[in-house]
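Commentary on secondary and tertiary structure
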Amino acid sequence: MDLATLITILSAIGYSWIRMVIALIASILFSIIVGIAAAVSKTLEKIIIPILDILQSIPILGFFPIALYAFINLHPLIGVEIAAIFLIFTSQVWNISFGVYEAVKVIPTETLEVTNFLRLSIFDKMRHLYIPASFPKIAANLPSSWANGLYFLVACEIITLGEAEYRLFGIGSLTVQFIASGMVFESVLAIALVLLFVMLMNLLVFIPMIRLSMRYRFETYATVVPHAWFERLVKPLTLPIRIIAHRPKFSEHWKITTRLRNLFIIMEKHKRLVEIAIAFMIIAILSMMISLEDLTYFSYLIVNGFVRLGFIEPLTMLGYSLGRVLMATLIILAWTIPVSILLYENKTLEKILLPIFQAIASFPATLLIPFIMDLTISSGLPRELGALIIILLGTQWYMLFSLRGALSVIPREEEELFKILQISGFKKLAYLYLPRMTPSMITGCIITVGGGWNTLVIAERTILDHTVWEVENPGIGKMMSIATSIGDIELLLATTVWMALFIVILNRLLWRRLYEIAIRRIV
């Protein structure tokens, strides 16, 4: 290996990181607006949450036709780059949005009553209450969002639709090129450097942001996040984050003119009219973006795809795929619940393991897929096992960090009460840990199941260097992958709609009802 190869790898990481950062910033801004709107408005909640349920469960391949059609037609030169950033955005944004929604939903009732008594405008509530309350959830979700973006980085940098292929320069496409060319040393070096940059991202950005967010918790005596031993080594490099941490809080820097304040007061008085206006504005924007001709064309494609698939075949594929996702979710719950409690109770162990988990979670697991493929083929293991491993790699970490974040905000007085009463073991699990974890656990299940559906496109069928690896049984992700590889837009759109409808029904009948029960018990 020469110096030029090393420079090429570092340049590729730089390009990929720029795409990831742009998508992450867009995800945070989107989540603040949409998550808070859904949490404070019953009308918008009924519109936004079902839409988020659909979008967060649609695999990235489902967005391919729309992204390519919209952005490449917008600008043929930079359209592909914008499409890649948009696809990364779709893999990062949903857990942050649900995190903001959950954080605002569980704001203590007495706090909301105080803001109502003070007659604060919606803008004052945003800057004094909603955004500070959301900040811990946003910070806690940054590592998992980054991990999700890295997981689908290869798919975003190598966009294939039928015979058309768009390949962008980045670490995902470069690593695939190394693996396909048999350049083992270069592949290992690229993976090692990605892991190094992921660790630096956690140490220099994510962990300091999580520490900064702890001062915006409601609990005065909440538990403290322990410091990892090697954080001291990079402490001088985190100076920018620490400077931000010592600056005044959100509300002290937000200036607003009298006219603008009066406008927000009027909007607060006519809240229902504003909600209706926002809904009509969204419809108008969508109408401007999508012409009647385009809508008719896409509807024609979907109807044709539905006719070709029939009724029994999609249900069979969804059944097999649901089985894989539920199996992965049960395995994830089986290990994340005890591990998150163990880390919470043993601070020394948490100092050692939590940063390691964060680094592993941010590693682009799709780079391991060629090795999983080779392992299952060479050892004769069932490919269903390989698919299960791939689903776990893409979904398990959000649940762990979500549960750990829920435990970290347990008020210290509750812990002291349990110590005084000498309550421990299963009683402490039943009366303290599980009630506190339940909202985050249900949100985690929604995101994990949605992420599981997202990873099915890769887990059930993967093409690497013209080698096809696929599970033996049917699957909705397998069919979507086939439709994408042959450029069958009708089939791709029809399977995407089938999956979206199925997931919405599942979320409406199960997860949302459980979540509402959990919120009523904890608030």
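Being a predicted model, the structure only gives us computed values, none of them experimental.

Our next topic: the overall build of the protein. Helix and strand content of the protein: 21 helices and four strands. Taking all 523 residues of the protein together, 51% fall into the buried category. In the protein, once contacts between residues fewer than 6 apart in sequence are set aside, the share between residues at least 24 apart is 80%. Put simply, the protein shows about 25200 Å² of open surface, and 70% of that area lies on carbon and sulfur atoms.

Ranked by internal contacts, the top residues of the largest apolar core, which has 104 residues, are I9 and W453. At 14 residues, helix α19 (residues 425–459) tops the list of elements feeding residues into this core. With seven residues, the next largest nonpolar core counts L343, L354, A361 and W397 among its residues.

Angle between the axes and distance between the axes: these two values describe a pair of packed helices. Where helix α1 (residues 3–40) meets helix α6 (residues 122–151), the axes come as close as 9 Å, and the angle between the chain directions of the two elements is 140°. The orientation of α1 with respect to α6, classified from their angle, is oblique. Seen along the crossing, α1 lies across α6 with a hand that is right-handed. For the pair α1 and α6, contact is made by W17, M20, V21, L24, I28, I32, I36 and V40 and by M126, Y130, I131, S134, I138, L142, S145, W146, G149 and L150, respectively. Among the residues forming the contact of α1 with α6, the class breakdown is 15 nonpolar, three polar and no charged.

The full count for this structure, using the stated rule, is 11 salt bridges. One salt bridge in this structure joins R436 and E414, with 2.6 Å as the shortest N-O distance. A residue pair is termed long-range when its members are at least 10 positions apart, and R436 in helix α19 and E414 in helix α18 (residues 412–420) qualify at 22 residues. Overall, the relative accessible area of 22% leaves R436 in the partly exposed class. Residues E415 and K428 are paired through a salt bridge, measuring 3.2 Å at the closest nitrogen-oxygen approach. Of this pair, E415 sits in helix α18 while K428 sits in helix α19; the two residues are 13 residues apart in sequence, bridging distant segments of the chain.

As a further point, take the confidence of the model for the protein. On average, residues of the protein score 78 in pLDDT, and 79% of them are at 70 or above. Note that residues 220–224 has pLDDT below 50 and, in this model, 18 contacts with residues that lie over four places away or in other chains. Residue range residues 247–256 is modelled with pLDDT below 50. Its contacts to residues more than four positions away, or to other chains, number 16 contacts.

Another aspect to go through is unusual backbone geometry. Its identity is not glycine, yet Q422 carries a phi of approximately 55°, on the positive side. Under the relative-accessibility criterion, Q422 is labelled exposed at 69%.

This part is about the side chain of S31. Take S31: it is sitting in helix α1. By relative accessible area, S31 is classed as buried at 0%. A distance of 2.7 Å separates a polar side-chain atom of S31 from the backbone oxygen of S27. Excluding its chain neighbours within four sequence positions, the residues that come into contact with S31 are I36, V93, I96, S97 and V100.

Time to look at the packing of aromatic side chains. For the structure shown, the criterion picks out 14 aromatic pairs. Aromatic side chains Y15 and F169 sit 5.3 Å apart centroid to centroid with 80° between the ring planes, which places their arrangement in the edge-to-face category. Note that Y15 is positioned in helix α1 and F169 in the loop between β2 (164–167) and α8 (171–180), a separation of 154 residues in sequence. Note on Y15: relative accessible area 47%, which makes it partly exposed. For F169, a relative accessible area of 36% gives the class partly exposed. Judged by centre distance (6.4 Å) and plane angle (25°), the ring pair of F86 and F89 falls under stacked.

This part takes up a nonpolar patch on the surface. A surface patch of nonpolar side chains, amounting to about 300 Å² of accessible area, comprises L375, L381, L385 and I389. You can see L381 is positioned in the loop between α16 (369–379) and α17 (383–408). Given a relative accessible area of 36%, L381 falls into the partly exposed group.

Bringing the environment of P132 into the picture now. Note that P132 resides in helix α6. As a C-alpha pair, P132 and V104 span 28 residues in sequence and 9.6 Å in three-dimensional space.

Time to look at the packing of helix α4 (residues 79–105) against α6. Relative to each other, α4 and α6 sit at 150°, their axes nearing to 8 Å. As judged from the angle between their axes, α4 and α6 are roughly antiparallel. For the crossing formed where α4 meets α6, the hand is right-handed. Facing I88, S91, Q92, N95, I96, G99, V100, E102, A103 and V104 of α4, the residues of α6 in contact are Y130, A133, S134, K137, I138, N141, S144, S145, W146, N148 and G149. Class assignment of the residues belonging to the contact of α4 with α6 gives a composition of nine nonpolar, 10 polar and two charged.

Secondary-structure assignment places R461 in strand β3 (residues 461–464). Counting along the chain gives 18 residues from R461 to M479, while the straight-line C-alpha distance between them is 8.5 Å. In terms of polar contacts, R461 uses its side chain to reach the side chain of E470, at 3.2 Å. For R461, the side chain forms a polar contact with the side chain of S481, separated by 3.2 Å.

Cut-offs and rules
Position labels on residues start from 1 in each chain and follow its written sequence. It should be noted that, the model being predicted, local features are given only for residues of pLDDT at least 70 and side-chain atom pairs only at 80 or more, the latter also being counted only at that level, while totals for whole chains, interfaces and linings use all residues. Computation of side-chain values covers all heavy atoms of the structure but excludes hydrogens and water. We count a stretch as a helix when DSSP gives it H or I for four or more residues in a row; a strand needs E for two or more, and each element gets its number in order from the N terminus. Partly exposed residues are those whose accessible area sits between 20% and 50% of the maximum for their type, while under 20% is buried and over 50% is exposed, using a 1.4 Å probe and protein chains only. In what follows, a contact means two residues having at least one pair of non-hydrogen atoms within 4.5 Å. For the area figures, the Shrake-Rupley method with a 1.4 Å probe applies, and any residue is considered shielded solely by the protein chains shown. To define a nonpolar core, start from buried Ala, Val, Leu, Ile, Met, Phe, Trp, Tyr and Cys residues and group those joined through side-chain atoms within 4.5 Å. The axes are straight lines fitted to the C-alpha atoms, using for helices just the contacting stretch, and the angles between their N-to-C directions are given from 0 to 180°. Working definition: roughly parallel below 35 degrees, roughly antiparallel above 145 degrees, roughly perpendicular at 65 to 115 degrees, and oblique for all remaining angles. Note: crossing handedness is left-handed where the near helix turns anticlockwise from the far helix by less than a right angle, and right-handed where it turns clockwise. Classification convention: Asp, Glu, Lys, Arg as charged; Ala, Val, Leu, Ile, Met, Phe, Trp, Tyr, Cys, Pro as nonpolar; all other residues, Gly among them, as polar. Each reported salt bridge corresponds to a side-chain nitrogen of Lys or Arg within 4 Å of a carboxyl oxygen of Asp or Glu. A score from 0 to 100, pLDDT tells how confident the predictor is in each residue. What qualifies as a polar contact is a pair of N or O atoms within 3.5 Å, subject to a donor-acceptor requirement within protein and to the restriction that residues adjacent in sequence count only when both atoms come from side chains. Between 30 and 60 degrees the pair is tilted, below 30 it is stacked and above 60 it is edge-to-face, where a pair is any two Phe, Tyr or Trp rings, Trp via its six-membered ring, whose centres lie within 6.5 Å. Nonpolar side chains (Val, Leu, Ile, Met, Phe, Trp, Tyr) are joined into patches within 5 Å and like charges within 9 Å, using only residues with over 30% relative accessible area and no salt bridge.

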